[in-house]
Amino acid sequence: MMTTTIKLRRNNTAIPWGFRLNGGVDLPLPLHIQKVTPNGLAHRAGLQPGDGVIQIGQLSSVEMTHEEAKMTIIRSGNELEFAVVRNAVPVSSPIIDVPSPDQLSPVQNDRDPDFWKRQTTPLQDPNLQSRSFKLLQQSFCLK
């Protein structure tokens, strides 16, 4: 298991570190980096999603709860150092593969292939309109 040291430094605490921490001994996953903000401090320092966090500053984080790890990071002030194991936890990609419209097939009712052809909106079929809509339509001469 090879570890990598990541050192982060910022000018003041108003500048975000640029990562999302997940896991801990109180959760079903080990402490790890879930997300890194593109071009943020963490990204520029080399932190990557899936990095397992085994040390925060001089403290071992292997037995830390999520809250303990978060508070250790907050107490670090403007200088933060991690010891991480690369790709320790698989993280899902935030990119969602959405098919293009030409790849989509039309929705059909399996029992009646002409179902959607016969569907009309209330404005097209007066028998499907609510009574209140009919009264409004009559009073404003919308026919």
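Residues numbered from 1 in each chain as written. Predicted model: local features only at pLDDT ≥ 70, side-chain atom pairs only at ≥ 80, totals over all residues. Heavy atoms only, no water.

Before going further, it helps to spend a moment on the side chain of Thr-72. Among the structural elements, Thr-72 can be located in helix H2 (residues 66-75). According to the relative accessible area criterion, Thr-72 is buried, its value standing at 11%. There is a polar contact of 2.8 Å between the side chain of Thr-72 and the backbone oxygen of Glu-68. Once residues lying within four places of it in the same chain are set aside, the contact partners of Thr-72 are Ile-56, Leu-59 and Met-64. (Helix = DSSP H or I, 4+ residues; strand = E, 2+ residues; numbered from the N terminus. Buried < 20%, exposed > 50% of the residue type's maximum accessible area, 1.4 Å probe, protein only. Polar contact = N/O pair within 3.5 Å; in protein donor to acceptor, adjacent residues only side chain to side chain. Contact = heavy atoms within 4.5 Å.)

Further remarks concern the pattern of salt bridges. Taken as a whole, this structure holds three salt bridges when the rule is applied. A salt bridge links Lys-70 to Glu-67, with the shortest nitrogen-to-oxygen separation between them at 3.4 Å. On the criterion of helical spacing, the pair formed by Lys-70 and Glu-67 is a turn pair, its members being three residues apart in helix H2. (Salt bridge = Lys/Arg side-chain N within 4 Å of Asp/Glu carboxyl O.)

So, on to the confidence of the model for the chain. When pLDDT is averaged along the chain, the result is 80, and 64% of the positions lie at 70 or above. The model gives residues 94-98 a pLDDT under 50, and that stretch makes zero contacts with residues more than four places away or in other chains. When the criterion is pLDDT under 50, residues 119-123 qualifies, and its contacts beyond four places in sequence or with other chains add up to six contacts. (pLDDT = per-residue confidence, 0-100.)

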